[in-house]
Amino acid sequence: MSFNGVTPPGAASRGFDRGWVREPESRGGLSRYIAVARDHWRLMLVLIAFVVGAAILAVSLSSKTYEAEALLSVSPVSSNDTRFDGISVIRETSVPGRDVETLARLVKTIPVAQAAANSQGVSGSPQALLSKVVVTPIGGSFLVSVTASDETAEGAAALANAFASGAVTVRSAQFREQVESEIESVNAQIADGVGLPESTIAQLNERLASLQALRGANDPSVQLETQATVPDSPTTPPLKLIIAIALVVGVIVAFGGAVAVDTASSRVRTEGQLSERFNLPVLARVPKGRPGAGAAGTADAYRDLAQAIAVLRRDPHRPRSLLFTSAGDSESRTTVAIETARTLADAGQRVLLVDADLRQPTVARSLGLTPANGTGSVLMGRVPLEAAAQELPGFRGTLEVLSGADADSAAAVVAMSPAIIGQLLDAAATWADFIIFDGAPLGTVADAVPVATTVDDVIVVIRRGETELSRLARLSDLMLRYEIVPRGLALVDWPRRTRTRSDDVVSERVPEGRSRTPRGTSSVPDPGTPRTPRTR
């Protein structure tokens, strides 16, 4: 048994096609980042622009820094040279590079910093000056780099030279003190050396002569190799380099932000979220804007939707019935149903708009109608369809509305079945070309199941930023349970794009059981076929 040419659920279970809904896939690796970038590219652009802008602003507000470099050299004393016994000089070692490392540690000390603070052109405490200087051994050489930074070019050069010269000065002063101390020690030994062997006395005199030759000299192991010159330009990286680095950092931050938003999102915002869940065509994208208020994009979207519906009617002697449903109550489902009915009626099609959301009927209120009877009374058999339906003014009989608000609505919710819906369709078939149901949200309640299992087509309305993914999953589960195959999706508050062969579909595939309209077949009745007059 069938109603209005539609087989009720269970009659063709073996042919039911579940391919319209996709199994959730875990996105990982490169594919996840590609999908996230596609879905959240606007957010990523904002984050990248913010990071780059912040970097440019920081560079423009920061003070310039200059760097200057002086070089010290090490001449290590032979470990066999007895002249420097007891004197702290840098000696040769078997460890390569140990001598320059020793000098580098000796340069960055408080005594050297105090000597630098007393130099001309240098100001600041020894501790503050130490923070502006970097001392680095140059590998594979006898050189030590003394690099100073300052807000002025002259200050950087003066500070580098002050530390390099200060190191030589401090080391030389220590050297001379130690030489004088050794001379006093040898003189004391000679004075107290009565009775010592002549050979010992001779050795002491020889030692004294060598020390006196060193008196007043500088530390022979440390020399100033090159003085620092005034730098020509600051060491701040070029703006192009700053922008390049900021772009790299911005991309990383943008991807992190997009992944966080994608993970935390609980509502539909992108077509990527839909393509992961559905293998269904997008019948229309309705942009933001109140219908009938001069929003050309909105009117075009409803014309696209009406055309997608009109081409489905291939039999001019039989009306096409369809249900608009949604995942929740805030999806603009009723608005889509009303505007689709208006658009079809404007094109000369005879349309019956049925409010099938009997718990929260809103069609009559939205259209400014005050009906005496409605869908509940018709379904309960108390009032015939001809008496309950109201003509909408301005459409010359091409659009009639069956309101859902009446005294029998509560009883009709319980009594509603595919058989009763089939009887309503049969009653409307004598005059209507299209029968449009505004049904309850299947993602929230199952009230619209009898309608969904009886009509020719089911269209799911999804509103960007409002449709919850969890309710959309419940809607899919319920449709699968009752073997309902939706015709496609109507997206509301959606950005419109330039139309291409692939732009208007989440999938090109038509679900099994829903046939395509043959090419060249018109949905408009043959002019030679007389329309059945509407009688009341």
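Nothing here was measured: the structure is a model prediction, and the numbers come from that model.

Trainee: Please explain the overall build of the protein chain as it appears in this structure.
Mentor: The number of helices and strands found in the protein chain is 18 helices and 12 strands. The buried share among the 536 residues of the protein chain stands at 45%. Within the protein chain, contacts between residues separated by at least 24 positions form 80% of all contacts whose residues are at least 6 apart in sequence. Accessible area of the protein chain: about 26,600 Å², with a carbon and sulfur share of 53%.

Trainee: Can you help me understand unusual backbone geometry in this one?
Mentor: Working note: non-glycine residues mostly have negative phi, and peptide bonds are mostly trans. The phi angle at Arg396 is positive, at roughly 50°, despite the residue not being glycine. Its place among the elements puts Arg396 in the loop between strand S8 (390-391) and strand S9 (399-402).

Trainee: Which parts of the structure should I look at to understand the sheet that holds strand S4 (residues 222-226)?
Mentor: The strands that make up a sheet pair up through hydrogen bonds in the backbone, lying either parallel or antiparallel. A sheet is described by the order of its strands in space; here four strands give the open sequence S2-S3-S1-S4, paired in antiparallel fashion. This sheet does not close on itself; its edge strands, each paired only once, are strand S2 (133-137) and S4. With direction set aside, neighbouring strand axes in the sheet form an average angle of 30°. Relative to S4, strand S1 (residues 66-74) is paired through four bridges, and the arrangement is antiparallel. Along S4, the bridge assignment pairs Leu71 with Thr226.

Trainee: Help me understand helix H11 (residues 333-346) in this model?
Mentor: An α-helix turns once every 3.6 residues. As a result, residues three or four positions apart point the same way. With 14 residues, H11 extends 20 Å from end C-alpha to end C-alpha; this agrees with the ideal 20 Å at 1.5 Å per step. Of all 14 residues in H11, 11 are buried; the element is thus mostly enclosed. Within the sequence span of H11, burial applies to Arg333, Thr334, Val336, Ala337, Ile338, Glu339, Thr340, Ala341, Thr343, Leu344 and Ala345.

Trainee: I would appreciate a short explanation of the packing of helix H6 (residues 153-191) against helix H7 (residues 198-214) in the present structure.
Mentor: Pairs of packed helices are described in terms of their axes, by the angle between the two and the distance that separates them. Look at H6 against H7: their axes get within 9 Å of each other, and the N-to-C directions meet at 155°. The angle between the axes of H6 and H7 places the two elements in the roughly antiparallel class. For the pair H6 and H7, the crossing hand works out as left-handed. Mapping the contact onto sequence places Phe175, Val179, Glu182, Ile183, Val186, Asn187, Gln189 and Ile190 in H6 and Leu204, Asn205, Arg207, Leu208, Leu211, Gln212 and Leu214 in H7. When grouped by side-chain class, the residues that make up the contact of H6 with H7 number nine nonpolar, four polar and two charged.

Trainee: Even after reading the chapter, I still don't get the pattern of salt bridges, so can you show me in this structure?
Mentor: Once the charged atoms of two side chains with opposite charge are near each other, the side chains can pair. In this structure the tally under the stated criterion is 22 salt bridges. The salt bridge involving Asp438 is made with Arg333; its shortest N-O contact spans 2.8 Å. Taken as a pair, Asp438 in strand S10 (residues 434-438) and Arg333 in helix H11 lie far apart in primary sequence, 105 residues in all. Considered together, Asp438 and Arg333 belong to a single accessibility category, that of buried residues. What emerges from the salt-bridge pattern is a single network uniting Arg267, Glu468 and Arg471.

Trainee: Looking at this model, I keep getting lost on the side chain of Thr340. Mind explaining?
Mentor: Tracing the backbone through its elements, the reader meets Thr340 in helix H11. Not counting residues within four places of it along the chain, the set of residues in contact with Thr340 comprises Tyr302, Leu305, Ala306, Ile309, Phe324 and Ile436.

Trainee: So what exactly am I meant to see when it comes to the environment of Val261 here?
Mentor: Summarising the element assignment, Val261 is placed in helix H8 (residues 239-264). Using a relative accessible area of 38% as the deciding quantity, one classes Val261 as partly exposed. Setting aside residues no more than four positions away along its own chain, Val261 makes contact with His40 and Leu43.

Trainee: For this particular structure, what's the right way to read the sheet that holds S8?
Mentor: The eight strands are arranged S5-S12-S11-S6-S10-S7-S9-S8 in an open sheet whose pairing can be described as mixed. Two strands bound the open sheet, and with one partner strand each, they are strand S5 (282-286) and S8. Sheet contacts for H11: strand S6 (320-326), strand S7 (351-355), S9, S10, strand S11 (457-463) and strand S12 (488-492); angle to S10, the most-contacted strand, approximately 165°.

Trainee: What is the right way to read the environment of Arg320 from this model?
Mentor: Tracing the chain through its elements places Arg320 in strand S6. A C-alpha to C-alpha distance of 9.7 Å links Arg320 and Val351, two positions 31 residues apart in sequence. Those residues in contact with Arg320 that sit more than four places away from it in its chain are Leu312, Arg313, Arg314, Asp433, Phe434, Ile435, Asp456, Asp457 and Arg487. A polar atom in the side chain of Arg320 sits 2.8 Å from the side chain of Asp457.

Parameters at a glance
- Residues numbered from 1 in each chain as written.
- Predicted model: local features only at pLDDT ≥ 70, side-chain atom pairs only at ≥ 80, totals over all residues.
- Heavy atoms only, no water.
- Helix = DSSP H or I, 4+ residues; strand = E, 2+ residues; numbered from the N terminus.
- Buried < 20%, exposed > 50% of the residue type's maximum accessible area, 1.4 Å probe, protein only.
- Contact = heavy atoms within 4.5 Å.
- Areas by Shrake-Rupley, 256 points an atom, 1.4 Å probe, with all protein chains shown as cover.
- Pairing = 2+ DSSP bridges.
- Axes fitted to C-alpha atoms, helices over the stretch in contact; angles between N-to-C directions.
- Expected span 1.5 Å × (residues − 1).
- Parallel < 35°, antiparallel > 145°, perpendicular 65-115°, else oblique.
- Left-handed = near helix turned anticlockwise from the far one by under 90°.
- Nonpolar A, V, L, I, M, F, W, Y, C, P; charged D, E, K, R; others polar.
- Salt bridge = Lys/Arg side-chain N within 4 Å of Asp/Glu carboxyl O.
- Polar contact = N/O pair within 3.5 Å; in protein donor to acceptor, adjacent residues only side chain to side chain.

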